[in-house]
Amino acid sequence: MEAVKGEARVLLGAPATRFSYIRDREEWLGPLMLGPAILYIVLVVGFPFFLALYYSVSDITLGSRSLGFVGLKNFTGVIGTTKFQTALKNTFVFAILSQLLVLVLGNVLALALQKDFRGKWLVRLLILLPWVAPISLGTIGWLWIVDSIYSVINWMLRAVGIFGPTFWPIWLGVPHLAMGTVIAVHVWRLLPLATVILLAGLSSIPKDIHDAAQVDGASFWRHYFQVTLPLLLPVAVVALLFGLVFAFTDMTVIYVLTRGGPYDTTQVLASLAFFTGVAGGDLAEGAAISLFLFPLLLAAAIGFLRIARRSEVV
Amino acid sequence: MVGGAGRLHRNGWRMATVEARDIRKSFGTVRAVDGVDLSTKEGEFLVLLGSSGCGKTTLLRMIAGLEKPTSGDVLIGGQVVNDLPPRARKIAMVFQSYALYPHMTVFKNIAFPLKAQGMRADAVRQRVEWAAALFGIELLLHRKPRQLSGGERQRVALARAVVREPAVFLLDEPLSNLDAKLRASARDELQQFQRRIGTTTIYVTHDQVEAMGLGDRIAVMQHGRVRQIGTPMEVYDEPADTFVAAFLGSPPMNLIEGKDCLVGFRPEHFLPKEAFPMTEAASVPFRVTRLEYLGADRLLYGVLERPFPEQKVIAKLPSTVTTSIRQGETHEFVVKEKDLKFFDRDTGSRSAPRPLSTQFA
């Protein structure tokens, strides 16, 4: 009996190596692999987030050592100001317009890239380029492109005769034009990601379905709107969600191009929070501004993910 | 509309023939379809049979208009349709995957081709209900494809195909996703349905049982060419070459090398002399090396003995033949003269029958 046991131990390996079996045990291996990611999220995202939550109900400023609880005073105080209301309105205009453009253009690009044509790799590379370049560098490039004196757009269009001798748009200096410009640059920047996501979605639709639609006699538009688009919806919703969150929370393009100007006409909540909290030193009010849209974004995210799940197919 | 030359069927259905004239398709250097001439009769059930990669699906897709031929013409109803898009060809296609629109209900799936034609809503409803009744899926109309079984999906795909009364049906392995039991009954239903509506049908499959059971004629394909086209009886009993002979039948035809030709005979024609004392038959000594008992049949694997070359052959005895045969024994077997097929040794094509004694001395 003892001999049999000994033999079994030889066959199964010594107990000392038990740790190596952890690779075969999903209930241990899973958490172990996820651990670093969770730790990272807790430290880099979770901690600052809860700190911001606390700041927003405190009276902290950059120069003081006090950290008293003031309730919702920061929120109620800031809501009434014109500065805040303009920024809130701008945020929505900026986010919604840029996302509309990104979705439409991303769809067109993805449809085009799905077809085979000569030089496709080059087009792909060019489209992806804005995503690869650091956003601040790319935006600085745009700063030069739309410069009030050296703008290459203006000089080129004047050279070919499209702009007359008296027509000289100051891209970043006029309220509506400035908003248009920051939206355009933001679209330029987000388009690669949306295109790639939509392209992945398009190629996940089985070819047979497209063939069936063709045999069934669907015209291009019917094919696109009744077959392709609904099947693309779960993926498009993800792209839209990413884009919206980006547009609502990111301020790189605006910070580099206009700093919120002229006269705060391109100020969005993210940039206003930065200028109030970091540049202006009022950490509490900055935190309150930056958190203002959090409940809304959370609700939007949940809603979108639900749509995505419901329209998931097969 | 393509049906200019098509004739109206008794039920008011437009019928058309399909013709391929020296049609070719290359993908890069691969010649998927390499010069196929083919024409269906009106209302015929034509099966394209071949192993995977033989070009049968590519041929079907060219007929459908989903693939553009490198050269050659496709004619539907006597009219060249090379430049017509699929929707203008009056064809309907059922795909191997069924290709149902996953986000639409069964009703909307079936209605889709009608709406694409711009049919009015009440007319659409009427036709969808008619097509659904044809396949017994009236109760599934509000479901989504993912809530259906494989057999139900297949019926929906067929209903979507018939609903706008095409002149030609193109079916690409529509039964291959069904389990074996369902496949048999689906085969039966499919044939009944085709006979009833009488629409010209081209059916692609790699399954010879399906091909034999369904086809009015079978086109056996290999390497992008049609090796033989004929009724199931013709391709089975009178194979045009060794490929067709070896492709059809399970187990395939025995081929043994003679002096200047190949001699073929089917396993089920290779019978023990003891049970079949025939006069007009060649007598062959056969040493059995292995036995397989399959219930309805017995398969005997073994080798021929002198004066025949020592080559492997298979005999298939129905269970009604009770002759006792054991492993290792040599028995005298017979093949009727008319069941012997002769093939050219070099080209593999059929050649004239000749006395067996000239081949084996």
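Residues numbered from 1 in each chain as written. Chains lettered and ligands numbered in written order. Predicted model: local features only at pLDDT ≥ 70, side-chain atom pairs only at ≥ 80, totals over all residues. Heavy atoms only, no water.

(A) Fine view of the pattern of salt bridges. Residues and elements named next belong to chain B. Scanning the model with the defined rule gives 30 salt bridges over all chains in all. The shortest N-O distance in the salt bridge between Arg24 and Asp22 comes to 3.1 Å. Judged by relative accessible area, which is 34%, Asp22 ranks as partly exposed. The salt bridge partner of Lys56 is Glu173, with a shortest N-O separation of 3.8 Å. Here Lys56, found in helix H1 (residues 56–64), pairs with Glu173, found in the loop between strand E9 (168–172) and helix H5 (180–197); they are 117 residues apart in sequence, far enough to count as distant. Summarising the burial analysis for this pair, Lys56 and Glu173 share the class buried. It is possible to trace a salt-bridge network through shared partners that takes in Asp22, Arg24, Arg31, Asp34 and Arg225. (Salt bridge = Lys/Arg side-chain N within 4 Å of Asp/Glu carboxyl O. Buried < 20%, exposed > 50% of the residue type's maximum accessible area, 1.4 Å probe, protein only. Helix = DSSP H or I, 4+ residues; strand = E, 2+ residues; numbered from the N terminus.)

(B) Quick peek at the packing of aromatic side chains. In total, this model carries 20 aromatic pairs over all chains according to the counting rule given. When the centroid spacing of 4.9 Å and the interplanar angle of 50 degrees are considered together, the rings of Phe49 of chain A and Phe294 of chain A count as tilted. Here the residue Phe49 of chain A occupies a position in helix H2 (residues 26–56), and Phe294 of chain A occupies one in helix H14 (residues 294–310), the gap between them amounting to 245 residues. The lysine or arginine in question, Arg266 of chain B, covers the ring of Tyr236 of chain B, its NZ or CZ lying 3.8 Å from the ring centre. Lying across the ring of Phe343 of chain B, Arg350 of chain B places its NZ or CZ 5.9 Å from the centre. (Phe/Tyr/Trp six-rings, centres within 6.5 Å; stacked < 30°, edge-to-face > 60°. Lys NZ or Arg CZ within 6 Å of the ring centre and 35° of its normal.)

(C) Highlighting the domain arrangement of chain A. Under the domain assignment, chain A is made up of domain 1 (1–43) and domain 2 (57–310). If you average the C-alpha positions of domain 1 of chain A and of domain 2 of chain A, the two centres end up 47 Å apart. (Domains from an automatic or database assignment.)

(D) Inspection of the pairing of strand E5 (residues 45–49) of chain B at higher detail. All names here are of chain B. For E5, the tally of buried residues reaches five of five residues, placing the bulk of the element in the interior. Covered by surrounding structure in E5 are Phe45, Val47 and Leu49 together with Leu46 and Leu48, the residues of both alternating faces. The pairing of E5 with strand E10 (residues 200–205) spans five bridges and is classified as parallel. Within E10, the residue paired with Phe45 across the bridge is Thr201. Sheet analysis places E5 next to strand E11 (residues 217–222), joined by four bridges and oriented parallel. From the neighbouring strand, Leu49 faces E11, where its bridge partner is Val220. (Pairing = 2+ DSSP bridges.)

(E) Looking closely at the interface of chain A and chain B. Facing 19 residues of chain A, the contacting portion of chain B comprises 22 residues. Of the roughly 1,900 Å² buried between chain A and chain B on both sides combined, carbon and sulfur atoms contribute 62%. Our count for the chain A to chain B interface comes out at three salt bridges. There are eight residue pairs in polar contact (both at pLDDT 80 or more) connecting chain A and chain B. The biggest single contributor to the side of chain A that touches chain B is helix H9 (residues 207–215) of chain A, with eight residues. Its residues placed into classes, the side of chain A that touches chain B shows 10 nonpolar, three polar and six charged. (Contact = heavy atoms within 4.5 Å. Buried area = accessible area lost by both parts, 1.4 Å probe. Polar contact = N/O pair within 3.5 Å; in protein donor to acceptor, adjacent residues only side chain to side chain. Nonpolar A, V, L, I, M, F, W, Y, C, P; charged D, E, K, R; others polar.)

(F) Broad picture of the sheet that holds strand E6 (residues 71–76) of chain B. All names here are of chain B. Reading across the sheet, the four strands line up as E4-E3-E6-E7 and stay open at both edges, with antiparallel pairing between neighbours. Whereas interior strands pair on both sides, the edge strands pair on one side only; in this sheet they are strand E4 (30–39) and strand E7 (79–80). Sheet analysis places E6 next to E7, joined by two bridges and oriented antiparallel. Across the sheet, residue Leu75 finds its bridge partner in E7, namely Val80. Lying over the sheet, H1 contacts strand E3 (18–27), E4 and E6, oriented at roughly 120 degrees with respect to E3. (Axes fitted to C-alpha atoms, helices over the stretch in contact; angles between N-to-C directions.)

(G) A look at the side chain of Gln222 of chain B. Of note, Gln222 of chain B is situated in strand E11. By relative accessible area, Gln222 of chain B is classed as buried at 17%.

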